[in-house]
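# Secondary and tertiary structure notes
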Amino acid sequence: MELVEMVEMAELESALNLRKIGFIINPIAGMGGRVGLKGTDGVLEEALRLGALPMAPAKAARALSALVGLRDEVVLLTGSGELGERIARELGFEVQVVQVASGEVTSHEDTVALAKAVVAQGGELILFAGGDGTARNLVEAGIFEAGLPVVGIPAGVKIHSPVFATHPEKAGELAAGVLNRTGSATGAKWREAEVLDISEEDYRSGRVMTKLYGYLMVPSDRGRMQNKKAPSPQSEANAHREIALEMVAQMEAGTAYFVGPGTTTRAVLDALGQPHTLLGVDVVLDGKVICRDASEQDLLTVQSQHPCRLIVTPTGGQGFLLGRGNQQLSPEVLRGIGRENLMVIATQEKLAELKHQPLLVDTGDPEIDALLRGYVKVWTGFKTAVMVAMR
């Protein structure tokens, strides 16, 4: 046998021993967040017109970077171009393209077809970047019935489903942990997790009605996987009013206050007798709303004209303070706010639901995330506050 043939045979044998991991990116996931559209479903053209940029590829790259040390051991089963191929090749991974995008702009049909192809090609795990809609695509593709576990890279706007890691890096760590174990992914510890979603049309109208679409198998790692989002109970109304009175008492003339989404923050605007956007960011100046449902650019404009502070509450059950449902509060906006002007509010009941877990931030900018880490004062009533860890 000639030397060239021997080398080719050795390369083939090596390739046959590679672990097969599915890698799926929904490149348009989360694009509507910073421009105030609360999602991308059905409004992609509007998001692009408003200047929205892709968020998911960069987050997928952050996750995949955790696997760089294992890239000689794996081949990524992925889709062409922005479906995963570009990011995977840029990071030096062996790539097998198993699905070609059907058009210049990818669709949910591409995601479904890619997921099915990963199963057909013998993938042992799917690492995917997107939001609740992308998770629904995997359910539609029959991933749960096929017995294939997944790890979600959070890249959408809402992300109610507990099938995602808390941060992109944590998703990569979880996938790496599976690969570092002897044997296949079936030897790891997994649990069933709900795939939940809401109508983005209802969401933009301030109505939140969550629906169960199915289940996916995810790692049994409560520390690195996010929880299911929980609504605030009606019984917290009095606590909300007390917190709102404290926030109003602290407001200073000439300072603009960015009031984030949620029922806890809504009480602040109710106390002022002002209209509110339940699932958006409103701006208050001298007791009056001067901008409703603000986009990132709206907030940056206000920052150029006034000193600003931010009033925000963590998501119930999950504990995310920034990076879930409030992407208008972008790294650029937060840099201008500064940690010292962050005003966090939450009821004692909401904090108790977190079971002493820290508040979470996932802004998309590691530098800003690092700046925000540490302990933060959380106002829980009138002249009442506690210190809570944030990471």
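To start, this report covers the structure provided alongside it. What you are looking at is a predicted structure, and each value in this text was computed from that prediction instead of being measured. The numbering scheme is per chain: residues are counted from 1 as the chain's sequence reads. Only residues with pLDDT of 70 or above have their local features reported here, since the model is predicted, and side-chain atom pairs are shown and tallied only from 80 upward, although totals for entire chains, interfaces and linings are computed over all residues. Remark: hydrogens and water are excluded; side-chain values derive from all non-hydrogen atoms of the structure.

## Concerning the overall build of the protein chain
In terms of regular secondary structure, the protein chain is built from 14 helices and 16 strands. To sort residues, take the accessible area from a 1.4 Å probe on protein chains only and compare it with the maximum for the residue type: under 20% means buried, over 50% means exposed, and anything in between is partly exposed. Looking at the protein chain as a whole, 55% of its 391 residues qualify as buried. Note on definitions: a residue-residue contact is assigned when non-hydrogen atoms from the two residues lie within 4.5 Å. Long-range contacts, defined as pairs at least 24 residues apart, comprise 69% of the intrachain contacts of the protein chain with a sequence gap of at least 6. By the criteria applied, helices consist of DSSP H or I runs no shorter than four residues and strands consist of E runs no shorter than two, each listed in order from the N terminus.

## Some words on the pattern of salt bridges
Salt bridge, as used here, is a side-chain nitrogen of Lys or Arg placed within 4 Å of a carboxyl oxygen of Asp or Glu. All chains considered together, the criterion is met by 12 salt bridges. Between Glu-85 and Arg-89 there is a salt bridge; the shortest N-O distance is 3.0 Å. Here Arg-89 and Glu-85 lie together in helix α4 (residues 85-90), a separation of four residues that amounts to about one turn. A single salt-bridge network, built from bridges that share partners, covers Arg-62, Glu-169, Arg-324 and Asp-362.

## Topic: the sheet that holds strand β2 (residues 74-79)
Adjacent strands of a sheet form backbone hydrogen bonds with each other and so pair up, either parallel or antiparallel. Reading across from one edge, β3-β2-β1-β4-β5 is the order of the five strands in this open sheet, with parallel pairing throughout. The outermost strands of the open sheet, each flanked by one partner alone, are β3 (94-99) and β5 (150-154). In this sheet, adjacent strand axes meet at a mean angle of 25° when their direction is disregarded. Angles run from 0 to 180 degrees between N-to-C directions of axes, and those axes are lines fitted to C-alpha atoms, restricted for helices to the stretch in contact. In the packing of helix α3 (residues 56-64) onto the sheet, the strands contacted are β1 (19-25), β2, β4 (126-130) and β5, and the crossing angle to β1 comes to about 155°. Packing of helix α6 (residues 132-140) onto the sheet brings it into contact with β1, β4 and β5, and relative to β4 it is tilted by some 140°. Should DSSP find at least two bridges between two strands, the strands are regarded as paired.

## Re helix α7 (residues 168-180)
Three- or four-residue spacings in an α-helix give side chains the same orientation, since the helix completes a turn every 3.6 residues. Taking 1.5 Å of rise per residue, 13 residues should cover 18 Å, and α7 covers 19 Å from first to last C-alpha, within 8% of that figure. The complete set of buried residues in α7 reads Pro-168, Ala-171, Gly-172, Leu-174, Ala-175, Ala-176, Val-178 and Leu-179. Helix span, as expected, comes to 1.5 Å for every residue beyond the first.

## Some points on the pairing of strand β11 (residues 308-312)
The buried fraction of β11 is high, at five of five residues. The side-chain alternation of β11 yields two buried faces, one formed by Cys-308, Leu-310 and Val-312 and the other by Arg-309 and Ile-311. Relative to strand β13 (residues 342-345), β11 is paired through three bridges, and the arrangement is parallel. Residue pairing for β13: Ile-311 is matched across the bridge by Met-343.

## Digging into the packing of helix α5 (residues 108-120) against α6
Between α5 and α6, the least distance of the axes is 8 Å, while the angle of their chain directions is 50°. Judged by the angle between their axes, α5 and α6 are oblique. Note that α5 runs across α6; the crossing there is right-handed. Side by side, α5 and α6 meet where His-108, Thr-111, Val-112 and Ala-115 of the first sit next to Thr-134, Asn-137, Leu-138 and Glu-140 of the second. Under this grouping Gly is polar, as are all residues other than the nonpolar Ala, Val, Leu, Ile, Met, Phe, Trp, Tyr, Cys and Pro and the charged Asp, Glu, Lys and Arg. When its residues are assigned to classes, the contact of α5 with α6 shows three nonpolar, four polar and one charged. Should an angle fall under 35 degrees it is taken as roughly parallel, and over 145 as roughly antiparallel, whereas 65 to 115 is taken as roughly perpendicular and any remaining angle as oblique. Crossing handedness is read from the near helix: turned anticlockwise from the far helix by less than a right angle, it gives a left-handed crossing, and turned clockwise, a right-handed one.

## Notes on unusual backbone geometry
Residue His-356 is not a glycine yet carries a positive backbone phi of 70°. By the element assignment, His-356 lies in the loop between α13 (348-353) and β14 (360-361). Classification of His-356 as exposed rests on a relative accessible area of 83%. We note that Lys-383 has phi near 60°; this positive angle belongs to a residue other than glycine.

## Describing helix α10 (residues 263-272)
Looking at α10, one finds that the buried residues are Thr-264, Thr-265, Ala-267, Val-268 and Leu-269. Looking at the residues trailing α10, positive phi occurs at Gly-273, about 70°.

## Comments concerning empty space enclosed by the protein
Points on a 1 Å grid, built from protein atoms alone, make a cavity when a 1.4 Å probe fits but cannot get out and make a pocket when they are open with protein on both sides within 12 Å along at least 5 of 7 lines; residues with an atom within 4 Å of a point are the lining residues. Grid points are joined across faces, edges and corners, and a volume is the space filled by probe spheres set on the points. Counting across every chain of the model gives two cavities of 30 Å³ or more. Put simply, the largest cavity is a space of about 60 Å³. Listed by contribution, the elements that provide at least two residues to the lining of the largest cavity are α12 (331-337) and α14 (366-372). Partitioning the lining of the largest cavity into residue classes produces seven nonpolar, one polar and two charged.

## Quick notes on the packing of aromatic side chains
When two rings of Phe, Tyr or Trp (its six-membered ring) have centres within 6.5 Å they constitute a pair, described as stacked for plane angles under 30 degrees, edge-to-face for angles over 60, and tilted for the intermediate range. All chains considered together, the criterion is met by two aromatic pairs. Between Phe-144 and Tyr-215 the ring centres are 6.4 Å apart and the planes differ by 45°, which places this aromatic pair in the tilted class. Here Phe-144, found in the loop between α6 and β5, pairs with Tyr-215, found in strand β7 (residues 211-219); they are 71 residues apart in sequence, far enough to count as distant.

## Quick word on the environment of Met-31
Mapped onto the fold, Met-31 is located in the loop between β1 and α2 (44-49). Take Met-31: its relative accessible area is 5%, and that puts it in the buried class. Expressed as a C-alpha distance, the spacing of Met-31 and Pro-54, which sit 23 residues apart in the sequence, is 5.6 Å.

## Some remarks on the environment of Gly-32
Considering the arrangement of structural elements, one finds Gly-32 in the loop between β1 and α2. With a relative accessible area of 0%, Gly-32 lands in the buried category.

## Observations regarding the pairing of strand β16 (residues 384-390)
The sheet contact formed by strand β15 (residues 374-381) and β16 spans seven bridges and is antiparallel. Among the inter-strand pairings, Gly-381 is bridged to a residue of β16, identified as Thr-384.

## So, the sheet that holds β13
The strand order across the open sheet built from seven strands is β10-β9-β8-β11-β13-β15-β16, with neighbouring strands paired in mixed fashion. Taken across any chain shown, the strands that pair with only one partner, and hence form the sheet edges, are β10 (288-291) and β16. This sheet shows a mean twist of 35° between the axes of neighbouring strands, independent of strand direction. Sheet analysis places strand β9 (residues 282-285) next to β10, joined by three bridges and oriented antiparallel. By the bridge assignment for β10, Val-283 is matched with Cys-291.

Note that all results are geometric; they support no functional claim without further evidence.
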